[in-house]
Amino acid sequence: MSMWRETTQHERNRIIWEEELESFVPDQILDFHVHIWNAGVAPEGKPFSCGGHPITKYDFDDLRGDLELTFPRRNTKAVCFGFPDPTYNLVANNDYIAEHAGENDCFALRLLDPLNDTPDTVNADLASRQFLGLKPYPDYVRKPDLNEVTVEEMLPPWAMEIADAHRAIIMLHIPRRERLADALNQAHVAAYCERYPNTAIVLAHIGRAYFLKNVLGKLDHLREFPNLYVDLAMVNHWEVMEYTFAQFPLDRILFGSDIPIALAPGKSVEINDQYTYVTPVPWKLSISDEHRKLRFTSFLYEELRAIKKAATRLELDEDAVRSIFYGNGIRLLTRTGRGASHRAAHWEKP
Ligand SMILES: [Zn+2]
């Protein structure tokens, strides 16, 4: 185990688990947001910077070991998808996930590249392979300014047609500077939810609302759509969490981590209606602790602390907490009626 992982292999995290988390985290955990990429998918000499720690792959063996050390004595499953970088080998990444997801207690989503994928390949993958949905990403639109990408560009209507025919899940990392608060994002997500009622859209990271003002009032319209979900991945902010638990239907909130990045040491913090990451080592997305003043734990343990604090303040009962960590996600995954037997889909070539 390499040292970037902040798990219970370190005494400092084992104490947090035992003193703060063990009595709160339920027995069954479905992590709805995990990135997996096998060796060879990332280009030579271009490792992923995991909170400032370069890693060349993160495969199912890594995940199994880390889940055990992160959630001791818990039964864990995960929803896994590749690493959405246009310079990575998307086909090799999707193939690896489709082939090994089942045997690792994982459910697979397929990376979607709207420029290079075709309706035929996407349809075939959802029809006959293990994939239960799609993972689009703003970078695949290949615009010089990522803030100008729209939901419809990263997730074109043809892909939604196919997703809807298969009752698929979309793991959506919304684009644009204002994220959840962006009016165009709100309009596109709402339009898709309405037009494609058989598709479940998951707003990753609560729509990337990592500071309070980004979420206030911004779930009011979206919560009406029964096929819209949020995941909690990388949100470390208890007030964002508390607001979401109070304002969004609890049965459509999904625990997710964003492993592997979530296992790196650090925390996401709000400063003056913005957010940044703080990490012990330099990272392009963070402010780093050059003076070594702080002792860190993982983003994931900070997320669990925030969930616990929000749930406690709202007096959520055990059932609600269990549903967020497991039941809601399992219901969503099995609602496709797929799992063991694939149902015939009605998508036809336009
Ligand atoms: Zn992610």
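Analysis parameters
Residues numbered from 1 in each chain as written. Predicted model: local features only at pLDDT ≥ 70, side-chain atom pairs only at ≥ 80, totals over all residues. Heavy atoms only, no water. Buried < 20%, exposed > 50% of the residue type's maximum accessible area, 1.4 Å probe, protein only. Helix = DSSP H or I, 4+ residues; strand = E, 2+ residues; numbered from the N terminus. Pairing = 2+ DSSP bridges. Right-handed = clockwise from strand over helix to strand, strands pointing away. Phe/Tyr/Trp six-rings, centres within 6.5 Å; stacked < 30°, edge-to-face > 60°. Lys NZ or Arg CZ within 6 Å of the ring centre and 35° of its normal. Axes fitted to C-alpha atoms, helices over the stretch in contact; angles between N-to-C directions. Parallel < 35°, antiparallel > 145°, perpendicular 65-115°, else oblique. Left-handed = near helix turned anticlockwise from the far one by under 90°. Contact = heavy atoms within 4.5 Å. Nonpolar A, V, L, I, M, F, W, Y, C, P; charged D, E, K, R; others polar. Disulfide = S-S within 2.5 Å. pLDDT = per-residue confidence, 0-100. Salt bridge = Lys/Arg side-chain N within 4 Å of Asp/Glu carboxyl O.

## Quick word on the pairing of strand β8 (residues 200-203)
- Burial along β8 is two-sided: the face carrying A200 and V202 and the face carrying I201 and L203 are both buried.
- Relative to β8, strand β7 (residues 169-172) runs parallel, the two being bridged by four bridges. For I170, the partnering residue across the bridge sits in β8 and is I201.
- Handedness of the β7-helix α7 (residues 183-195)-β8 crossover: right-handed.
- Here β8 pairs with strand β9 (residues 228-231) via three bridges, running parallel.

## Some remarks on the packing of aromatic side chains
- Applying the stated criterion across every chain, the model contains 19 aromatic pairs.
- Judged by centre distance (5.3 Å) and plane angle (45°), the ring pair of Y277 and W283 falls under tilted. Each member of the pair Y277 and W283 is classed as buried.
- The ring of F248 carries the charged tip of R252 above its face, separated from the ring centre by 5.3 Å.

## Quick notes on the packing of helix α4 (residues 119-128) against helix α6 (residues 157-165)
- For the pair α4 and α6, the least separation of the axes is 10 Å and the interaxial angle reads 25°. For the element pair α4 / α6, the angle class is roughly parallel. Crossing geometry of α4 relative to α6 is assigned as right-handed. For the pair α4 and α6, the contacting residues are P119, V122, N123 and L126 in the first and W158, I162 and A163 in the second.
- The class makeup of the residues in the contact of α4 with α6 is six nonpolar, one polar and no charged.

## Observations concerning the sheet that holds strand β11 (residues 267-271)
- Spatially, the three strands line up as an open sheet ordered β11-β12-β13, and their pairing is mixed. Strands with a single pairing partner mark the edges of an open sheet, and in this sheet they are β11 and β13 (286-288). On average, each strand axis in the sheet is tilted by 40° relative to the strand beside it, whichever way the strands run.
- Where β11 and strand β12 (residues 274-279) come together, five bridges link them in antiparallel fashion. By the bridge assignment for β12, K267 is matched with V278.

## Observations concerning unusual backbone geometry
- Residue P260 is bonded to the preceding I259 through a cis peptide linkage, with omega at 10°.
- Considering the arrangement of structural elements, one finds P260 in the loop between β10 (253-254) and β11.
- For R176, which is not a glycine, the phi torsion comes out positive at approximately 80°.
- Notably, N272 is not glycine yet its phi reads approximately 50°, a positive angle.
- On the secondary structure map, N272 appears in the loop between β11 and β12.
- N272 sits in the exposed class, given a relative accessible area of 63%.

## Describing the state of the cysteines
- Within this structure, the stated rule accounts for zero disulfides.
- Cysteine C80 is unpaired, with the sulfur of C106 as its nearest cysteine sulfur at 3.4 Å.

## So, the confidence of the model for the protein
- Per-residue confidence for the protein averages 94 on the pLDDT scale, and 95% of its residues sit at or above 70.
- Overall, residues 339-345 carries pLDDT values under 50, and its contacts beyond four positions in sequence, including any with other chains, amount to ten contacts.

## Focus on the sheet that holds β8
- Taken in spatial order, the eight strands of this open sheet run β1-β4-β5-β6-β7-β8-β9-β10, and their pairing is parallel. The open sheet has two free edges, formed respectively by β1 (28-35) and β10, since each of these has just one partner strand.
- Inspection of the sheet shows β9 paired to β10 by two bridges, in the parallel sense. Directly across from D231, in β10, lies its bridge partner L254.
- Taken strand by strand, helix α12 (residues 318-334) contacts β1, β4 (75-81), β5 (106-111), β6 (131-135), β7, β8, β9 and β10, and its axis lies near 70° from that of β1.

## So, the environment of L155
- Locating L155 in the fold gives a position in the loop between α5 (151-154) and α6.
- Once residues within four sequence positions are removed from consideration, L155 is found in contact with L112, P136, M160, I170, L172 and Y192.

## Observations regarding the pattern of salt bridges
- Going through the model one piece at a time under the given rule, you end up with 24 salt bridges.
- Note that E153 and K143 form a salt bridge whose closest N and O atoms lie 2.9 Å from each other. Of this pair, E153 sits in helix α5 while K143 sits in the loop between β6 and α5, and the two are ten residues apart along the sequence.
- Looking at E153, the relative accessible area reads 30%, which means it is partly exposed.
- Among the ionic pairs, K213 bridges to D273, the shortest N-O distance being 2.9 Å.

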